[in-house]
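Structural features, examined
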Amino acid sequence: MSVILNYINGRLQQAESKETLEVINPSTGKIYTSAPSSDHRDVESAVDAARAAFPAWSALSIDERSRYMINIADKIEERLDVLAIAESIDNGKPVKLARAVDIPRGAANFRFFGNAITQFASESHDMGTAINYTLRQALGVVGCISPWNLPLYLFSWKIAPALAAGNTVVAKPSEVTPMTAFLLSEICIEVGLPAGVLNIVHGVGEKVGASLTSHPKVKAISFTGSTRVGGEIAKVAAPLFKKISLEMGGKNPNIIFADCDYEKMLNTTLKSSFANQGQICLCGSRIYVERSIYEKFKTNFVARAKLLKIGDPLLPDTNIGAIVSKVHYEKILSYISIAKEEGGRVLCGGSTIHPEGLEEGFYIAPTIIEGLSNHCRTNQEEIFGPVVTIMPFDTEEEALHLSNGTDYGLSATLWTSNLTRAHRFAKELEAGIVWVNTWLMRDLRTPFGGVKKSGVGREGGYDALKFFTEQKNVCIDFS
Ligand code: NAD
């Protein structure tokens, strides 16, 4: 397995300190490679390279920039299998998920923003004897910081619009899952991306992320990760007047009415609860079910969750792979204990699994808990694992009240065939994204982000391109 290196000024290199971090395969619990443990010196070199590359990159024609993006997308698609296996080993996710979602969506991010930039227009406003027009100009050097749960997918979600808009980038992937970011740097070299346009610096958040956030020459930070770290970044970036976009944690409701398409709801709820071992910020971890179907749902949902195949992420029929790291595995287990202390009844799962030959890996069975109040810690704090709670409700008002009863507001899913109710709920739910009779259906043109403690700002479509550009109003008097 390749040793991971930084990608700075077009070259692959070790950290200045020559120190490395161990990278663990969560399915075996064993170290399988290493990544640079970079610090402020590597960030400094990357920012210098990005500053030097900015004038030429931002001056390229949109067609030329777009072509680089599309070439990167093509290469990601060509390497679908290699990248999917790498993502699975690095993260513990089932390879079939990486093959169907993570890697194709990574390619789609480059393709989408490579095309979107060719359609990104500015406005003009006629005042009779004067005209106003808006210039949208690249910011300069921007920082992109991403988490471990969808490594290449979320890394490229930030890098692609930033580059397409003409910025140069210093990017920091999660130290927990650095492999596909490294493979992306090899792709960038292969397509001949000019040196310094994209720089990828590996290492821990407290060193690399913090140096990037506090660097005076970095004009904007796009961050996806926990609400705690998002708050740290906001504190550091605010007095430096950087633009920030924060995509943070969630505790999303999944609201099920008796009049829904039951089979579709059940199949999708299994995914929205346990896909990627529940480690998707959009997973629905609080499930509210109309009382008339609560018992039926409980029986069917528990039975179906017990059928999910847990084990080696590289096997083609695995549904539930490994939890990303030992630290996170222990965090999830501690929340299962908290749920029990709070009076929760564990209907299935609740325990670790030790597949044969992978006894040191980090596996937790899909866990369904009932009997908890809405304001207990289990229902208020983000667990980010294969753990959901179920709770009955009687009225629409109650369902809405329960759904909105957390500090988070990323997404919500609603199951009903009543059109007017769907519209009423969509309007009242405190969330950045509302799915009705579906989950995780994404269109890259739409605004993506959360409210409350789930996010500040929106990414996706022109919102991302607007974030990565500065608007300038030009007013010309021709009277
Ligand atoms: P995290 O906040 O621990 O880390 C995210 C990134 O920030 C990593 O690259 C990390 O190294 C870096 N970082 C850590 N400390 C830093 C600091 N002081 N300054 C700058 N950077 C720093 O999050 P995680 O554990 O990697 O990911 C899980 C979290 O991400 C969950 O809360 C999940 O909900 C959230 N998430 C949100 C979205 C969304 O779109 N809203 C998507 C995916 C994940």
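Anything mentioned here points back to the structure above.
1. Structural notes on the overall build of the chain
For the chain, the helix and strand inventory stands at 15 helices and 24 strands. Radius of gyration (C-alpha) of the chain: 23 Å, near the 23 Å computed for a compact globule of 479 residues. With the principal axes as the frame, the chain shows a C-alpha extent of 70 × 60 × 40 Å. Out of the 479 residues in the chain, the part that is buried amounts to 57%. In the chain, of all internal contacts separated by at least 6 residues, the share reaching a separation of at least 24 is 75%. Per element, the accessible surface of the chain, about 18,900 Å² overall, is 55% carbon and sulfur. The positive charge centre, built from 49 side chains, and the negative charge centre, built from 52, are 1 Å apart in the chain.

2. A look at the site of the ligand
Among the 29 residues in the neighbourhood of the ligand, the closest are listed as S146, E175, S226, M248 and E382. In this structure, M248 approaches the ligand through a main-chain N or O atom, which is 2.7 Å from a nitrogen atom. Taking E382, its side chain carries an N or O atom lying 2.5 Å from an oxygen atom of the ligand. Contributing elements (two or more residues each) for the shell around the ligand: α7 (205–214), β10 (218–224) and α8 (227–237). Considering every element that reaches the shell around the ligand, the biggest residue donor is α7, with four residues.

3. Remarks on the state of the cysteines
Within the structure shown, the criterion is met by zero disulfides. We note that C144 lacks a disulfide partner, and the nearest cysteine sulfur, in C188, lies 12 Å from it. C144 sits in the buried class, given a relative accessible area of 1%. C283 takes part in no disulfide bond, and the closest cysteine sulfur, belonging to C281, lies 8.2 Å away.

4. Things to note about the sheet that holds strand β17 (residues 367–370)
The sheet built from seven strands is open, its strands ordered β14-β17-β18-β13-β12-β20-β21 with mixed pairing. Either end of the sheet is taken by a strand with one partner, and the two such strands are β14 (345–348) and β21 (433–436). Adjacent strand axes in the sheet meet at a mean angle of 25° when their direction is disregarded. Both strand β12 (residues 252–256) and strand β20 (residues 411–415) contribute to a ladder of three bridges, which runs parallel. Each bridged residue has a counterpart across the sheet, and for I256 the counterpart in β20 is W415. Packed onto the sheet, helix α13 (residues 396–403) meets β12, β13 (284–290) and β18 (387–393) and runs at close to 150° relative to β18.

5. Notes on the side chain of T416
Among the structural elements, T416 can be located in the loop between β20 and α14 (419–428). For T416, the side chain forms a polar contact with the main-chain nitrogen of N418, separated by 3.0 Å.

6. Some words on the pairing of strand β11 (residues 243–247)
Bridging between β10 and β11 involves five bridges; their strand directions are parallel. Residue pairing in the sheet places A220 in a bridge with K243 of β11. Assessed by its sense of winding, the connection that carries the chain from β10 through α8 to β11 is right-handed. Direction of pairing for β11 relative to strand β23 (residues 455–456): antiparallel, over a ladder of two bridges.

7. Focus on the packing of α13 against α14
Axis separation between α13 and α14 bottoms out at 11 Å; the angle between their running directions is 30°. On the basis of their axis angle, the class for α13 and α14 is roughly parallel. The crossing of α13 and α14 is right-handed. Each of E396, A399 and L400 in α13 lies in contact with α14, whose residues at this interface are R421, R424, F425 and E428. Its residues placed into classes, the contact of α13 with α14 shows three nonpolar, no polar and four charged.

8. A word on the sheet that holds strand β24 (residues 469–477)
Spatially, three strands are ordered β5-β6-β24 in an open sheet, and the strand pairing comes out antiparallel. Of all the strands in the sheet, the pair left with one neighbour each is β5 (124–126) and β24. Sheet twist, expressed as the average angle between the axes of neighbouring strands with direction ignored, equals 15°. As judged from the three bridges shared by β5 and strand β6 (residues 130–138), these two strands associate in the antiparallel manner. Across the sheet, H125 pairs through a bridge with N132, a residue of β6.

The rules behind the values
Residues numbered from 1 in each chain as written. Predicted model: local features only at pLDDT ≥ 70, side-chain atom pairs only at ≥ 80, totals over all residues. Heavy atoms only, no water. Helix = DSSP H or I, 4+ residues; strand = E, 2+ residues; numbered from the N terminus. Rg over C-alpha atoms; globule rule 2.2 N^0.38 Å. Buried < 20%, exposed > 50% of the residue type's maximum accessible area, 1.4 Å probe, protein only. Contact = heavy atoms within 4.5 Å. Areas by Shrake-Rupley, 256 points an atom, 1.4 Å probe, with all protein chains shown as cover. Lys, Arg positive; Asp, Glu negative; His and termini not counted. Charge placed at Lys NZ, Arg CZ, Asp CG, Glu CD. Near = heavy atom within 4 Å. Polar contact = N/O pair within 3.5 Å; in protein donor to acceptor, adjacent residues only side chain to side chain. Disulfide = S-S within 2.5 Å. Pairing = 2+ DSSP bridges. Axes fitted to C-alpha atoms, helices over the stretch in contact; angles between N-to-C directions. Right-handed = clockwise from strand over helix to strand, strands pointing away. Parallel < 35°, antiparallel > 145°, perpendicular 65-115°, else oblique. Left-handed = near helix turned anticlockwise from the far one by under 90°. Nonpolar A, V, L, I, M, F, W, Y, C, P; charged D, E, K, R; others polar.

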